[in-house]
Every structure is written in structure tokens, then in C-alpha cells.
Amino acid sequence: MIHQVPIKSLPQEWLWCETWCDDASKKRAKTIDLCNNPMTKEPKLEAAVRIVPEWQDYDQEIKQLQIRFQREKEMGVLDKEKTIQESGWEGPQKREEL
């Protein structure tokens with residue numbers, strides 16, 4: 001297959017990685033690859049916090065969304081079951097395939 005499909009590399013601005021790119025070029029990067037650096041063996045999440053300044057803000061936002069989702073899920077399941085029981089709904093109906 002490799003002889004049929006040519007392999008192309010992305011320009012550095014499209015795939016910046018700390019292992020082979022310099023810090024000056026990071027400002028122009030469109031994508032940051034949080035690749036493993038074989039020289040440091042630093043875990044990816046630690047590297048993400050160090051390399052991407054807004055990482056901690058994103059991480060906190062996601063954690064808050066997860067907590068909110070879990071609360072709504074727990075509350076919604078109880079409300080949903082109550083509504084289903086009151087309505088007499090029998091659940092999804094089985095349908096034949098065409």
C-alpha cells in the first residue's frame with residue numbers, strides 16, 4: 001500500500017511538537033501535538049499544563065461540566081421515571097426492519 005499512496009508531511013505550523021519544533025514557532029502553530037518527549041519522559045497531562053497556558057482553564061471547565069452533567073443525570077433519571085410511571089408509557093416499541 002505504501003507504494004501506491006504517497007506520504008506527505010504537514011508544515012510545522014500545522015503540527016507543532018515540542019520534540020522537534022522551537023518555542024518561537026509555537027506562536028504560529030495551528031495545532032499543538034502533545035507528543036511524548038523521549039528526552040524527558042514527562043507525562044502528557046503535565047506537559048499539556050506547561051505547554052498550553054489555557055489548559056488548566058479548559059480542564060476546570062470540563063470538570064465543572066462533568067459534575068453538572070452527573071447531577072442533572074441523577075436528578076433527571078428520578079424525574080423521568082416519575083413522569084413515565086404517571087403517563088403509563090410502555091417504553092420504546094420494537095419495529096421491523098424494511
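Just so you know, these numbers come straight off a predicted model, no measurement behind them. (Residues numbered from 1 in each chain as written. Predicted model: local features only at pLDDT ≥ 70, side-chain atom pairs only at ≥ 80, totals over all residues. Heavy atoms only, no water.)

Moving on to the overall build of the protein chain. Scanning the protein chain from terminus to terminus reveals three helices and two strands. For the protein chain, the N- to C-terminal ordering of α and β elements is β-α-β-α-α. Across the 98 residues that make up the protein chain, the buried fraction comes to 11%. Residue pairs at least 24 apart in sequence account for 8% of intrachain contacts in the protein chain once pairs closer than 6 positions are excluded. (Helix = DSSP H or I, 4+ residues; strand = E, 2+ residues; numbered from the N terminus. Buried < 20%, exposed > 50% of the residue type's maximum accessible area, 1.4 Å probe, protein only. Contact = heavy atoms within 4.5 Å.)

Here we come to the environment of C17. Residue placement: C17 occurs in strand β1 (residues 16–17). Once residues lying within four places of it in the same chain are set aside, the contact partners of C17 are D33 and C35.

Membership of the largest hydrophobic core is limited to seven residues, which are W16, C21, L34, A47, A48, I51 and V52. Not counting residues within four places of it along the chain, the set of residues in contact with L34 comprises K44, A48, I51, V52 and W55. (Core = buried A, V, L, I, M, F, W, Y, C linked by side-chain atoms within 4.5 Å.)

Moving on to the confidence of the model for the protein chain. Predicted coordinates in areas of low pLDDT are best not read in detail. The predicted model of the protein chain averages 78 in pLDDT, with 76% of residues at 70 or higher. Confidence, read as mean pLDDT per element, is least for helix α3 (residues 55–87) in the protein chain (77) and greatest for helix α1 (residues 23–26) (90). (pLDDT = per-residue confidence, 0-100.)

Attention now goes to the packing of aromatic side chains. Tallied over the entire structure, the rule returns zero aromatic pairs. Lying over the aromatic face of W14, K30 brings its terminal NZ or CZ to 5.3 Å of the ring centre. (Phe/Tyr/Trp six-rings, centres within 6.5 Å; stacked < 30°, edge-to-face > 60°. Lys NZ or Arg CZ within 6 Å of the ring centre and 35° of its normal.)

Positive phi is not limited to glycine here, since K41 has a value of about 60°. Structurally, the position occupied by K41 is in the loop between β2 (32–33) and α2 (44–51).

Attention now moves to α2. A47, A48 and I51 are the residues of α2 that are buried. Along the axis of α2, the buried positions cluster into a sector of 105°, meaning they face one direction only. Away from its buried face by more than 90 degrees, α2 exposes L45 and E46. (Arc of directions from axis to C-beta.)

For the coordinates displayed, the defined rule picks out five salt bridges. Between K30 and E13 there is a salt bridge, with the nearest N and O atoms lying 3.8 Å from each other. Of this pair, K30 sits in the loop between α1 and β2 while E13 sits in the segment before β1, and the two are 17 residues apart along the sequence. For E13, a relative accessible area of 34% translates into the label partly exposed. (Salt bridge = Lys/Arg side-chain N within 4 Å of Asp/Glu carboxyl O.)

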